[in-house]
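Each chain, letter by letter, is given below.
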Amino acid sequence: RQGGQVTHSWPSRCSHERHSKRAMSYGGGGAANQRELEALQQSLNQVVLQLLQNQVRKTCFEQCFPGNRFPSSMGKTEHVCLAKCMDRMYEAHAIVMKASVEMAQNLASQERG
């Protein structure tokens, strides 16, 4: 919270995007195959982000506006509720993605070893 305004702490890019290249390790194939994999990963990231955003909207609006009653203007209470809810949802997503990447890395290292 800065100067009376609620600030959001979620990252501009999902944390799984930063980890995706480390988590995926494909053998051979050259540059063309790598570009295809990166395009596929980018498409997957976009779908995951869209699903996350839809779930955040659904969950947070249900929590902050019980009974789907939307006021003509949003007050401070509703604004704070939405901001906190969204922060929690994005933080939870980041934790789950980090754990998923770690699991993938552990599985990959077990297969190699």
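What counts as what
- Residues numbered from 1 in each chain as written.
- Predicted model: local features only at pLDDT ≥ 70, side-chain atom pairs only at ≥ 80, totals over all residues.
- Heavy atoms only, no water.
- Disulfide = S-S within 2.5 Å.
- Helix = DSSP H or I, 4+ residues; strand = E, 2+ residues; numbered from the N terminus.
- Buried < 20%, exposed > 50% of the residue type's maximum accessible area, 1.4 Å probe, protein only.

**Q** Can you help me understand the state of the cysteines in this one?
**A** Two cysteines form a disulfide when their sulfur atoms are joined by a covalent bond. Going through the model one piece at a time under the given rule, you end up with two disulfides. The disulfide partner of Cys 60 is Cys 85, and the gap between their sulfur atoms is 2.1 Å. Taking the sign of the torsion about the S-S bond as the criterion, the disulfide between Cys 60 and Cys 85, at about -85 degrees, is left-handed. Of this pair, Cys 60 sits in helix 2 (residues 30-64) while Cys 85 sits in helix 3 (residues 76-112), and the two are 25 residues apart along the sequence. We classify Cys 60 as buried; its relative accessible area is 1%. By relative accessible area, Cys 85 is classed as buried at 2%. Cys 64 shares a disulfide with Cys 81; S-S distance 2.0 Å. On the sign convention where negative is left-handed, the bridge of Cys 64 and Cys 81, at about -85 degrees about the S-S bond, is left-handed. Placement of Cys 64 in helix 2 and of Cys 81 in helix 3 is noted, with a sequence separation of 17 residues between them.

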